[in-house]
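# Per-entry structural report
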Amino acid sequence: MSEAMPKLVVIKNKTRYNQRMESQGHKKKILVIDDDKFLLSMYSFKFKESGFEVTSVLGGAEALSKLREGELFDIILLDLMMPVMNGFELLDVLKKENLSPESKVIVFSNLGQPADIEKSRTLGANSYIIKASTTPTEVVEKAYAVLDGATSFDKIDQKNVQP
């Protein structure tokens with residue numbers, strides 16, 4: 001029963017958030033960046049189902065092109081381990097070129113070492129999620145929390161950190 005309570009709270013927050021998005025007349029936009037087509041498809045579906053306008057791209061180089069075209073996103077969900085341009089490199093370019101400065105960045109990776117998490121934070125990420133220990137529903141919940149102002153490398157994330 002204790003596990004059900006947080007989910008109920010999140011569902012209430014999601015409903016309230018969706019109502020706010022609808023009252024503003026637009027959906028929140030998310031850019032999903034990963035080199036795994038299956039994960040791109042799964043998370044695109046999950047976020048669309050949750051009321052987001054989704055753009056998905058295969059890798060950091062493709063994401064950089066999209067951002068340099070001036071497209072703006074409310075959330076960027078970013079994998080770290082990708083060929084050509086990894087997530088750290090993309091975060092560095094986003095910061096240096098001031099691309100999409102209002103976007104909230106959630107790093108989404110299987111790298112869980114404290115140094116990786118700290119490097120992501122230093123490069124401007126707002127949150128860090130470890131793929132292997134997080135469900136798609138939890139990723140959407142984290143996105144809502146970050147949109148509501150959470151900048152979290154906190155207890156929610158720390159449960160995933162490997163010592």
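The structure we're discussing is the one just above.
So, here is what we can say about the structure in this document.

Basis of the calculations
- Residues numbered from 1 in each chain as written.
- Predicted model: local features only at pLDDT ≥ 70, side-chain atom pairs only at ≥ 80, totals over all residues.
- Heavy atoms only, no water.
- Helix = DSSP H or I, 4+ residues; strand = E, 2+ residues; numbered from the N terminus.
- Buried < 20%, exposed > 50% of the residue type's maximum accessible area, 1.4 Å probe, protein only.
- Contact = heavy atoms within 4.5 Å.
- Pairing = 2+ DSSP bridges.
- Axes fitted to C-alpha atoms, helices over the stretch in contact; angles between N-to-C directions.

Right, let's get into the environment of Phe-108. Tracing the sequence through the fold places Phe-108 in strand S4 (residues 104–109). Overall, the relative accessible area of 4% leaves Phe-108 in the buried class. On a C-alpha basis, the gap between Phe-108 and Tyr-128 in space is 6.1 Å, while along the polypeptide they are 20 residues apart. Sequence-distant contacts of Phe-108, that is, excluding residues within four places in its chain, are made with Tyr-43, Leu-77, Leu-78, Asp-79, Leu-80, Ile-129, Lys-131 and Val-139.

Spatially, S2-S1-S3-S4-S5 is the arrangement adopted by the five strands of the open sheet, whose pairing is parallel. Looking at which strands have only one partner, the edges of the open sheet turn out to be strand S2 (53–58) and strand S5 (127–130). Across this sheet, the average inter-strand angle for adjacent strands is 20°, counted without regard to direction. Sheet topology note: the strand S1 (residues 29–34)/S2 ladder contains six bridges and is parallel.

Taken by themselves, the reported measurements are silent on function.
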